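Fold and geometry: a report
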Amino acid sequence: MAERPAAEITVPSQDPKEKKKKEADKKLDTKANDVKDEDEELSEEDAQLKSELEMLIERLKELNTDLYRPALETLRTLIRTSTSSMTSVPKPLKFLRPHYPSLQELFETWPASENKSLFADILSVLAMTYSDTEPRGTLRYRLLSASLLPPTSKISEPGSWGHEYVRHLAAELGEEYTIRQEGEEASAPVPGTIEDLHNLGVECATFFLGHNAEPDAVDLFVELEIVDRIASLVDANTFGRVCAYMDRCVMLLPPPDDVTFLRTIHKIYLQFSKFPEALGVAIRLNDAALIRQDFNASGNPIMKKQLAFLLARAQIPIEWLKAPASEDADAEDEFPEDILDCLSNTQLSRHFKEFGKEVGVADPKSLEDVYKSHLETTRSGLSANVDSARANLAGTFVNAFVNAGFGNDKLMVEAEEGNSWVYKNKDHGMMSAAASLGLGLLWDTDVGLSHIDRYTYSPEEWIKAGAFFATGLLNAGVRTEADAALALLGEHVENKSVPLKVAAIMGLGVAYAGSHREDLLTLLLPAVADDGVSMEIAALSALALGFVFVGSGNGEITSMILQTLMERGDKALDEKWGRFMALGLALLYVGLQDASDATLETLKAIQHPISRQAQILVEVCSFVATGNVLRVQRLLHLCGEHLDALKEKEQAESAEGKKDENKDEKKEDKKPDDTFQSFAVLGIAMIAMGEDIGAEMSMRQFNHLMHYRDPIIRKSVPLALGLISASNPQFPVLDTLSKYSHDHDLAVALNAIFAMGLVGAGTNNARLAQMLRQLVGYYYKEPDCLFMVRIAQGLVHMGKGTIGINPFFSDRNIMSRPAIAGLLATIMAFTDAKAFVLDKYHWMLYFLVTAMYPRFLITLDENLESKPVTVRVGQAVDVVGQAGKPRTISGFQTHQTPVRLGTTERAELATEEFIPYAHVLEGFVILQKNPGWEKEDTMQM
């Protein structure tokens, strides 16, 4: 076969560089020509403007001073009237930029006069084009211009030069103020005093507020440290947006700026008679005098009822609303009965049961309804080894949580005399079973006591103790004139029997959480100080006082607990109860920030590992939900620091040879030593909760901590996750917890399962319910984990999906202090689950009661009777700082009230027929008929 002819191509050994170079040069030349052409090819208008500007500059250089004024006036007019697009520099500034240095020199030669002042004003605008090489030139010439003017005439408003100029000036004002505060020497000093800077700042802020740039005005005042002055500048159109923006900033500010901000917001709201908003801020400040002033500020009795609902939700002590005896002897001491009802939450139970009927969940649920065993993936015939007493105990809690507040469950409330669920439990199980009555009849003080009463005469000590605790649970968050809890439990605080004594003490703590009642102080304090009582009684008395006086910073209790910690022997402090005494101390400082400094210093003097635990707890409670970054960093440091020391210890020990005694001793030493790390992990969640960005960042830190493989830290991470998103089941959190719930370390898995219950509490989340059913099959051989899965199932269906435990309310802005106390105390019991919840102290799960509250919106008329209206419910959208009036909810559905609201949901009225008295549609909202509203059909007629 003949060969095909092949074409020959010669390939040079090197690339032809010359040719490429020529092409590149050619391209460059064409580019340069284009630029030249652009310069040369100015449109006629631009060329005329350029020549006119150059002529005016020539005039300023001439000796004839009469020409200066008209030339400057014309320059000013040309600059002001030039329209600029958003992307390009105004033409006059572009053409005058090359002349700026020569104009500066010329300016220096002129004598002080009004003309020179105008010249400075124009240079101040031109300086914007030189801001990179000559910093703060705009500000310098602006202040010079003001100083050169005679006292009679006034300089033009900064706003007359346009928005960009004012923004530029504001930025330079902030820089200059910072430089002066730090005492740095500037290369080109700016004239004027600090007061001049402040006055100029006020002028700029006034312009911003008039042009929908409220955030810029607030930012400028923050930089100049005069944020309180903004109250005098806002008007009816701008105050809402200013306050909303400032509110968002509070979380990101270091103390004491955050408090200054809140007080400024409060002042503005009062200025415009927005009482519910002002009261909300006063509650966040935890300032008794402000709360009293706001509550009494409104003369409208219906508005007062609405404010009373808000105070009752926050569980503010009623005593705070009464004028101190010294101030006003004639002040009316008693409130009208209807307002007292609102303040005491007495109608909560009635409305809650009606709400249950409306949304179709009034019928009691059995355990099987919750477990749905037919869907479980359990292998048949293998569930026989489950301890029936343990299963019954789990059933107690599930029944209590699921049917909470409805007062009709079949196992306890409606049970026949001898057939009660109590008798299906053994010993300490009976206490929890009897106590579950308090949860089933929650908030219903009238009917509840008669049901519980029959168990208080039981010969069985545990049942009697449970009935005492139930009395306390029943009264949680509700105040009655009868004061039944104190009357029934007060005498048993000194009881000889330990279970009865503990039940009475904790019952009082839960019943009066957040009430700051002085009579409980005298009742419970002796037990803290008494060396004769066990550590258990002393610690729980301290915890009960922490509940009652949460966030009060009470000096008497503080000094007593500190004294006890100093005087008790090491053996007593080593007991597992020490952590609850430390927690009792910490709860006194919830939300008080720097007020705890003296206590922290005193704790450092205690020579025992508990000192460290108490320090961390007091610090995180003081800064709870502030998002304080420095504190979080310190806690992360504590989580990391101890690991190396422990490793060294282990290495040293392995070198000595591992003896059994040594092992035991090591456990003894190590136990109190690293508990503080567990609290540090929880502390990160405490500080970051309530603020979405901080919470998200902390999730990533928890992920890192989980990889440390240090058991104490690993078992605390799931609890922290549960705390940070209580009743808020977001998918990433559920996913993470689901992974941890299959962990090889059972302590981690157990806590992860409980955390799943916390995250889904009261949400009926279907995905979570499915995960828990799978865990039942996975842990069929592990009684502890199975017990926990059951409890988590009960929590997820809490109140049949109507009760949540998230401590934030009123659009997640206000934190309920008793709720924080309840969550923290429950989680504290899980830092050593084997010793508390899995031992005979499972009743500690009931501490969650102080955080339990219905997630509803009930609209009432002015006589406080239910008034159904249509509302839209959707996911809350953050609209702070957005232009116009954007929608505050997305993906909404329209419902008839009463309606259930999720943690991240928000409601708004569907029509304008009614005007709400409250600023946030949540809980109880009183409506007023809109006088200007007409129905559509009448309008058409």
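Everything in this summary refers to the structure shown in the same document. (Residues numbered from 1 in each chain as written. Predicted model: local features only at pLDDT ≥ 70, side-chain atom pairs only at ≥ 80, totals over all residues. Heavy atoms only, no water.)

Side note on the overall build of the chain
What counts here: A run of H or I in DSSP counts as a helix once it spans at least four residues, and a run of E counts as a strand once it spans at least two, with each numbered from the N terminus. Should any heavy atoms of two residues lie within 4.5 Å, those residues are counted as being in contact.
Helix and strand counts for the chain come out as 41 helices and eleven strands. Of the contacts formed within the chain by residues at least 6 apart in sequence, a portion of 73% connects residues at least 24 apart.

Remarks on the pairing of strand β6 (residues 870-876)
Under the convention used in this document: Whether two strands pair comes down to DSSP finding at least two bridges between them.
In the sheet, β6 pairs with strand β7 (residues 889-896) via six bridges, with the strands oriented antiparallel. Looking across to β7, one finds that Val873 is bridged to Gln893. Both β6 and strand β9 (residues 905-909) contribute to a ladder of five bridges, which runs antiparallel. In the strand pairing of β9, Gln875 is matched with Glu905.

Brief notes about the sheet that holds β9
Our working rule: Lines fitted to C-alpha atoms define the axes, with helix axes restricted to the stretch in contact, and inter-axis angles between N-to-C directions lie between 0 and 180 degrees.
As summarised here, the arrangement of the three strands in space is β7-β6-β9, forming an open sheet in which the pairing is antiparallel. Where the open sheet ends on each side, the last strands, each with one partner, are β7 and β9. In this sheet, adjacent strand axes meet at a mean angle of 30 degrees when their direction is disregarded.

Some remarks on the sheet that holds strand β10 (residues 914-916)
Pairing within the open sheet is mixed, and its four strands lie in the order β8-β5-β11-β10. The outermost strands of the open sheet, each flanked by one partner alone, are β8 (899-900) and β10. Here two bridges tie strand β5 (residues 856-860) to β8, and the two strands are oriented antiparallel to one another. Residue pairing for β8: Leu857 is matched across the bridge by Val899.

So, the pairing of β5
To keep it simple, the criterion reads: Buried, partly exposed and exposed residues are distinguished by accessible area as a fraction of the type maximum, computed with a 1.4 Å probe on protein chains only: under 20%, between the cut-offs, and over 50%, respectively.
In terms of burial, β5 is a largely internal element, five of the five residues being buried. What you see with β5 is no split at all: Phe856, Ile858 and Leu860 on one side and Leu857 and Thr859 on the other are buried throughout. Bridge count for β5 against strand β11 (residues 923-929) is four bridges, and the pairing is parallel. The residue of β11 that forms the bridge with Ile858 is Phe924.

Notes on the packing of helix α3 (residues 68-81) against helix α6 (residues 114-126)
Operational definition: Orientation is classified from the angle alone, with under 35 degrees giving roughly parallel, over 145 giving roughly antiparallel, 65 to 115 giving roughly perpendicular, and any other angle giving oblique. Helix crossings get a hand from a simple test, with the near helix turned counterclockwise from the far one by less than a right angle marking a left-handed crossing and a clockwise turn marking a right-handed one. For this classification, Asp, Glu, Lys and Arg are treated as charged, while Ala, Val, Leu, Ile, Met, Phe, Trp, Tyr, Cys and Pro are nonpolar and the rest, including Gly, are polar.
For the pair α3 and α6, the least separation of the axes is 10 Å and the interaxial angle reads 25 degrees. The angle between the axes of α3 and α6 places the two elements in the roughly parallel class. As α3 packs across α6, the resulting crossing turns out to be left-handed. Seen from α3, the contacting residues are Tyr68, Arg69, Leu72, Glu73, Leu75, Arg76 and Ile79; seen from α6, they are Glu114, Asn115, Leu118, Phe119, Ile122 and Val125. Of the residues in the contact of α3 with α6, the class split is eight nonpolar, one polar and four charged.

A closer look at the pattern of salt bridges
We apply this condition: In what follows, salt bridge is the name for a side-chain nitrogen of Lys or Arg lying within 4 Å of a carboxyl oxygen of Asp or Glu.
Evaluation of the coordinates by the stated rule reveals 32 salt bridges. A salt bridge links Asp287 to Arg263; its shortest N-O distance comes to 3.1 Å. On the criterion of sequence distance, the pair formed by Asp287 in the loop between α13 (275-285) and α14 (288-297) and Arg263 in helix α12 (residues 257-271) is long-range, its members being 24 residues apart. Residues Arg887 and Glu908 are paired through a salt bridge, measuring 3.3 Å at the closest nitrogen-oxygen approach. Placement of the pair is Arg887 in the loop between β6 and β7 and Glu908 in strand β9, with a sequence separation of 21 residues. Classification of Glu908 by relative accessible area gives buried; the value is 16%. Through salt bridges with shared partners, one network takes in Arg136, Glu175, Glu176 and Arg180.

As far as function goes, none of this settles anything; it's purely spatial.
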